[in-house]
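Coordinate analysis (summary)
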Amino acid sequence: MNQPLTLTAAQKAGPKATVTALGLALAVLVAMPLLHLLPAEHALHVSAYTLTLVGKILCYAIVALALDLVWGYAGLLSLGHGLFFALGGYAMGMYLMRQSAGDGLPAFMSFLAWNELPWYWYGTSSFLWAMCLVVLVPGVLAFVFGFFAFRSRIKGVYFSIMTQALTFAGMLLFFRNETGFGGNNGFTDFKTILGFSISAPATRATLFLATVALLAGSLYLGFRLARSKFGRVLTALRDAENRLMFCGYDPRGYKLFIWTLSAVLCGLAGALYVPQVGIINPSEMAPTQSIEAAVWVALGGRSTLIGPLLGAGLVNGMKSWFTVALPEYWLFALGALFIVVTLYLPKGVIGLIKRRGE
Amino acid sequence: MNTALHRLLLLLLLVLPWAAQAGDAADYAKASPAKQARLLESWAAAPAPERLPLIEALRANRVAIDQNKTPFIEENGAYRALEGDAEPVGTPKKLRLNNRLRGLLNTALASHQLFAEDPAQRLAAAKRLQRSGQPEQLELLQQRLDAEDDAAVSEALTLALANLQLTASDPAVRLAAVRLLGETGAPMARVRLENLLADEAETDANVRKAAETSLAQAKRKLLIGELLGQAFSGLSLGSILLLAALGLAITFGLLGVINMAHGEMLMLGAYTTYMVQVLMARLAPEALAFYPLVALPVAFFVTAAIGMALERTVIRHLYGRPLETLLATWGISLILIQLVRVLFGAQNVEVANPGWLSGGLQVLPNLVLPYNRMVIIGFALFVVLLTWLLLNKTRLGLNVRAVTQNRNMAACCGVPTGRIDMMAFGLGSGIAGLGGVALSQIGNVGPDLGQSYIIDSFLVVVLGGVGQLAGSIFAAFGLGIANKILEPQIGAVLGKILILALIILFIQKRPQGLFALKGRVID
Amino acid sequence: MKRRPLIKTTLAASALMLSGLFPFTLQAAETIKVGILHSLSGTMAISETSLKDMALMTIDEINAKGGVLGKQLEPVVVDPASNWPLFAEKGRQLLTQDKVAVTFGCWTSVSRKSVLPVYEELNGLLFYPVQYEGEELSPNVFYTGAAPNQQAIPAVEYLMSEDGGSAERFFLLGTDYVYPRTTNKILRAFLISKGVPESSIEEVYTPFGHSDYQTIVANIKKFAAGGKTAVVSTINGDSNVPFYKELANQGLDATDVPVVAFSVGEEELRGIDTKPLVGHLAAWNYFQSVENPVNEAFVSKWKAYAKAQNLPGADKAVTNDPMEATYVGIHMWAQAVEKAGSTEVDKVRDALAGQTFKAPSGYTLTMDEKNHHLHKPVMIGEVQEDGQFSVVWETESPVRAQPWSPYIPGNDKKPDYAVKSN
């Protein structure tokens, strides 16, 4: 498997089919928020429930895509992507908390009897600075962690467990009330974003559209990267790092770039996730959340870019459905699904679709 | 009802309160809690041998009163009057105890036991009074000390007395008491000496000076106890981490399966212990105390069998695709957790420490080593030895090592790799089951038990170096001890965060863990 | 969507067919939907599963008596899987898709905080049955658990009393999250107001799922050498077993250092061998061992229900405080609906004010006219060998809740009635 699967899939099925399918999906996603703006009685009205549910899944899909970039293409299995996602979410949450607190302190702080903002909260009332934080915090953390990890040539399972330790430490840190991020309750009860009410249909629709745009943009970026020379070097790196080094490449820069990019994408997804679901708290950093993200990717089909999106959609869709339909037995269904997919669909769901195509 | 009987009852009702008033039991039964406390205090200061059965019955919470507040003692469901030979009117109700009364009862009981025949009982009583002696008991203690002929009891009594003599009017007595306290190393002695020195409570210069020396001495002794305690708790935590991780060191370390269901094997081991306990309580209650020993082989075989079944049906198909084992074993783990939840309920189940695993050994006045932890440390070393023997001294072990080092070569030499994989996975799961038995003795047994150990287990194996048993042992004890050194300094939460950060830094230095596989293989 | 989907759908389908065939059989099938939002999987399943079962039992009980407004109640059970964002999603689903009249649910504060904006936005009604840290008062929530002044403060007052052992030193031990931190903050302020010096109060926290209490128990011993000490424990669920085991094995019993816990009830004790724990305390508003006819009926009904439904561990089924709060909450809601003559949230909210119910705790509980909390009696129970509690102290009458604790600065300015936060 020297070439990413989608490329071969696309070549075989012809670019037309792929583009048509993607275009169709995009059209549906763009139409949804617009239909949400229709009055509730209208037959085609999309409810707030559906919109936020799909919006949430789209955010997860971006995480899956970002994880696929590092795992599928560079062979780095991160079990800590939940940390970057949550950090982006927290940065956005800080802004939203400041918005709802007005001139005062966020509610949980006055409750801790803090009289002034800690230094890391400065400037978070400005949307622009919050957006900078969304990109910078996960980006810088990933850069520093990656810089040292790749310099020491930490690979494979060692890398995975290190990222897991990182997100676990982050979770414990954010659990503390004293850290200044609302403890395990995290941030909730957001009111407005840029002055618009957060529960207004128009705001919801805009946020949803932004998520769709980010997803489409990331997908496009992913495709471009995968087709470029950079993407080929990454794949080579994944399959035979030593041989690549003997050819005179230094893998560190490649790894570091894709790793940081992936973390930033996660951060952005987190930032869009928070206003849509209305809560951010440390459980997003729980190691199991990150493992689940890896499960989405594996389920959909690793190193295919499209596959992880399907995987995230499928798993979360099923979760939403099973938890209502079979509240006590849904874990059996989900567990069985994971086993069946690994045993019979080694290339994930996308592999199945591809086989059908042939 | 017969009128004659009626009359008799009426008469009894009238007479009973009078008949009972004479005794301590009746006084106690009628008193309010505050009065009961005062009664107990007076009994502690002036013990009377005939009162001992009453105090013992009260302490064991076996005293009940009927409608007339006549006290009875409950024995195997029957009631016997404590004083006189009255029959209970109505169903007697147990007298209520609270912690204050329990404490006073302990002191009163100790006072009475100072008169016991058995020196061991007197010694225990004297030791109890070292902690809870009251100023009113000063005279009693002095008197018992003069009458005591056993050396050990005398020593204990002298010390109990010394605690009370710090306020004596004679400076010489105070001086002797202060000196004695310095030698004990009991946490109470330190506080008493500090109180003596604070606020100029002690006026005599000589006594002050002696108190200062004694205080320093007591502090030194306490420090030794504290340090030993920290070392022990580090070892204990290390042994628990090791037991939790050892199975994973085989399934993940040797076989390369990213076994997310490892935690559930621990959980199943613990639930097997629970089942064994329940079955033995029903079938062989006389041997119940040894249920953990019975549970060991049972848990080993149950989890090994489940492990082998999983290997045959699922994991076998995934060799050579290590990262996908993550996905499948994650699914298995979800199913096992929910299965246990449906079968046993979401709540924890009760796994009790048997008598020989409860309580602890008092080594120093401020150091108790719990038996269950000591046994677990020994057990961890035993399991390590067992694993080492299995892997290095048996044919199976040879084959396992051959297969894990070079599967194709081993297959060429006629090693049945499929069977070996199954056996090795079974062994790893079985050892996890053994770990589960040990964990059930210190923590809770619930469906989520495995989830709380899985991350630590992976950290131990990875830190030690994948595929290196010795590495896992070093990593487990290293993490345990580091954790226990950090915890008293910065608290449990920050300690844990710092440990994680240190692991990340450490791996930068040694990217293959503590014990890296040496070799020239390169892909 | 429903409890027994297959049976229910078959029933519903046949009802539909029948009503099609015989148009005269009038809307006998019309029901009032009631949402149940408790985690059945994940870390909180340990506590919340029994609340779901209790809610179903109570609904059966009401239905057996003819339902509410002549209609049967139809429970809609969903599983938010101990996942906080999922709580918000499921809450929205219950309100907009299933159109439930009321929801009973949540255990952790974070789950309540997660659904709160949804219930305020859509004007839903949520009954929350668990003791919590206060600092909240939403018009869309009714709190049937205890506020800190209905649990924590009376417990500490008891410890300071003669019968409680006249404790002078307090070791506040908790899991590091919002409820213990806030409770301990309130307790610290309270203790200081009672003249306890700062040096006699120690606050220690452990991470979630902490299982190694060796160092902490050693520290308690060291601290206890300084005088009569009590431990106030806000340790969360799973960590309690290792804590109590360590306590017993290190030889620290209740006569030396009593531990009063706010999160340990009958259900938690089922997983612990209680023989070494006799004398340790818990503060709640209800214990299974309370003796009165209402409670006897309640306990036997629950045991029969557990057996009939074949719940796991049914032979050892126990009731506890949050289960009682669930039971009381559902009945009060049903009464309020009857009074209002409608399930409309605004009418029911008004009807709930001042509503009373004869509760298993032995008291007639009143829903406060203004602050959405119950007036509750406070009881201190002592652990017994059989895993039950015996009540050693209780308040003379139910206590009014103070969701905004006066011991937290700034709370004096908060209104004592529910206002929407936006």
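Remember, it's a predicted structure, so these values are computed and weren't measured experimentally. (Residues numbered from 1 in each chain as written. Chains lettered and ligands numbered in written order. Predicted model: local features only at pLDDT ≥ 70, side-chain atom pairs only at ≥ 80, totals over all residues. Heavy atoms only, no water.)

Let's talk about the interface of chain B and chain C
- With 55 residues of chain B at the contact, the number on the chain C side is 51 residues.
- Counting each side, the surface lost to burial between chain B and chain C is near 4100 Å², with a carbon and sulfur contribution of 44%.
- When the buried area of chain B at its contact with chain C is split by residue, Asn 99, Arg 100 and Gln 347 of chain B rank highest and sum to 15% of it.
- At the boundary of chain B and chain C, one finds 8 salt bridges.
- At the junction of chain B with chain C, the criterion picks out 17 residue pairs in polar contact (both at pLDDT 80 or more).
- Tallied by class, the residues present in the side of chain B that touches chain C amount to 23 nonpolar, 19 polar and 13 charged. (Contact = heavy atoms within 4.5 Å. Buried area = accessible area lost by both parts, 1.4 Å probe. Salt bridge = Lys/Arg side-chain N within 4 Å of Asp/Glu carboxyl O. Polar contact = N/O pair within 3.5 Å; in protein donor to acceptor, adjacent residues only side chain to side chain. Nonpolar A, V, L, I, M, F, W, Y, C, P; charged D, E, K, R; others polar.)

Observations regarding the domain arrangement of chain B
- According to the domain assignment, chain B consists of domain 1 (27-214) and domain 2 (229-454).
- A straight line from the C-alpha centre of domain 1 of chain B to that of domain 2 of chain B covers 47 Å. (Domains from an automatic or database assignment.)

Here we look at the pattern of salt bridges
- According to the stated counting rule, one finds 44 salt bridges over all chains in the structure shown.
- Residue Asp 189 of chain A pairs with Lys 191 of chain A through a salt bridge whose shortest N-O separation is 3.6 Å.
- Note on Lys 191 of chain A: relative accessible area 17%, which makes it buried.
- Overlapping salt bridges, with partners in common, bring together Arg 373, Lys 484 and Glu 487 of chain B together with Asp 212 and Glu 246 of chain C in one network. (Buried < 20%, exposed > 50% of the residue type's maximum accessible area, 1.4 Å probe, protein only.)

Quick word on the interface of chain B and chain A
- Facing 43 residues of chain B, the contacting portion of chain A comprises 46 residues.
- The junction of chain B with chain A conceals about 3900 Å² of combined surface from both sides, 79% of it contributed by carbon and sulfur atoms.
- The largest contributions to the chain B side of the interface with chain A come from Leu 327, Trp 330 and Gln 508 of chain B, which together make up 16% of the buried area.
- The interface formed by chain B and chain A holds 0 salt bridges in total.
- Counting the contacts that link chain B with chain A gives 4 residue pairs in polar contact (both at pLDDT 80 or more).
- Among the elements that make up the side of chain B that touches chain A, the one with the highest residue count is helix α14 (residues 322-344) of chain B (14 residues). (Helix = DSSP H or I, 4+ residues; strand = E, 2+ residues; numbered from the N terminus.)

A look at the side chain of His 372 of chain C
Residues and elements named next belong to chain C.
- Following the sequence through the fold, His 372 ends up in the loop between β12 (364-367) and β13 (374-375).
- A distance of 2.7 Å separates a polar atom in the side chain of His 372 from the backbone oxygen of Val 141.
- Every residue in contact with His 372, bar those within four places of it in the chain, is listed here: Leu 137, Ser 138, Pro 139, Val 141, Phe 142, Tyr 143, Arg 349, Met 367 and Ala 418.

What to know about the state of the cysteines
Residues and elements named next belong to chain A.
- Inspection of every chain in the model, using the stated rule, returns 0 disulfides over all chains.
- Lacking any disulfide linkage, Cys 59 is separated from the closest cysteine sulfur, that of Cys 266, by 11 Å.
- Note on Cys 132: no disulfide assigned, nearest cysteine sulfur contributed by Cys 266 at a separation of 19 Å.
- Taking relative accessible area as the criterion, Cys 132 reaches 34% and is therefore assigned partly exposed. (Disulfide = S-S within 2.5 Å.)

A word on the sheet that holds strand β2 (residues 71-75) of chain B
Residues and elements named next belong to chain B.
- What the 4 strands build is an open sheet, ordered β3-β2-β1-β4; its pairing is antiparallel. Lying at the two open borders of the sheet, with one neighbouring strand each, are β3 (78-81) and β4 (93-94).
- The pairing of strand β1 (residues 63-65) with β2 spans 3 bridges and is classified as antiparallel. Residue pairing for β2: Val 63 is matched across the bridge by Ile 73. (Pairing = 2+ DSSP bridges.)

Structural notes on the packing of aromatic side chains
Residue and element names in this part refer to chain C.
- Counted by the stated rule, this structure contains 54 aromatic pairs over all chains.
- Ring plane angle 35 degrees and centroid distance 5.8 Å describe the contact between Trp 84 and Phe 87, whose orientation is recorded as tilted. Remark: Phe 87 and Trp 84 occur in helix α3 (residues 84-97); sequence separation between them is 3 residues, near one turn of the helix.
- For Trp 84, a relative accessible area of 10% corresponds to the buried category. (Phe/Tyr/Trp six-rings, centres within 6.5 Å; stacked < 30°, edge-to-face > 60°.)

Here we look at the confidence of the model for chain C
Residue and element names in this part refer to chain C.
- A residue-level look at chain C finds 93% of positions with pLDDT of 70 or above and a mean pLDDT of 88.
- For chain C, the element scoring lowest by mean pLDDT is helix α1 (residues 5-21), at 44; strand β4 (residues 126-128) scores highest, at 97.
- pLDDT under 50 marks residues 1-28. Its contacts with residues more than four places away, or in other chains, come to 15 contacts.
- With a pTM of 0.88, the predicted complex shows an ipTM of 0.87. (pLDDT = per-residue confidence, 0-100.)

Quick look at α14 of chain B
- With 23 residues, α14 of chain B extends 32 Å between its outermost C-alpha atoms, agreeing within 8% with the 33 Å of an ideal straight helix rising 1.5 Å per residue.
- Positive backbone phi, approximately 90 degrees, marks Gly 345 of chain B, located one or two places after α14 of chain B. (Expected span 1.5 Å × (residues − 1).)

A short note on the environment of Leu 187 of chain C
All names here are of chain C.
- Mapped onto the elements, Leu 187 comes out in helix α6 (residues 178-193).
- Residue Leu 187 is classed as buried on the basis of its relative accessible area, which comes to 0%.
- Placed 15 residues apart in sequence, Leu 187 and Leu 172 show a C-alpha to C-alpha distance of 8.8 Å.
- When sequence neighbours within four positions are dropped, the list of residues in contact with Leu 187 reads Ala 152, Ile 153, Val 156, Leu 172, Val 232 and Phe 262.

Quick look at the environment of Thr 188 of chain A
- Position of Thr 188 of chain A among the secondary structure elements: in strand β1 (residues 187-188).
- A sequence separation of 87 residues divides Thr 188 of chain A from Pro 275 of chain A, and the C-alpha atoms of the two residues are 9.4 Å apart.
- Other than its neighbours up to four places away in sequence, Thr 188 of chain A contacts Met 97, Gly 278 and Ile 279 of chain A together with Lys 113 and Ser 114 of chain C.

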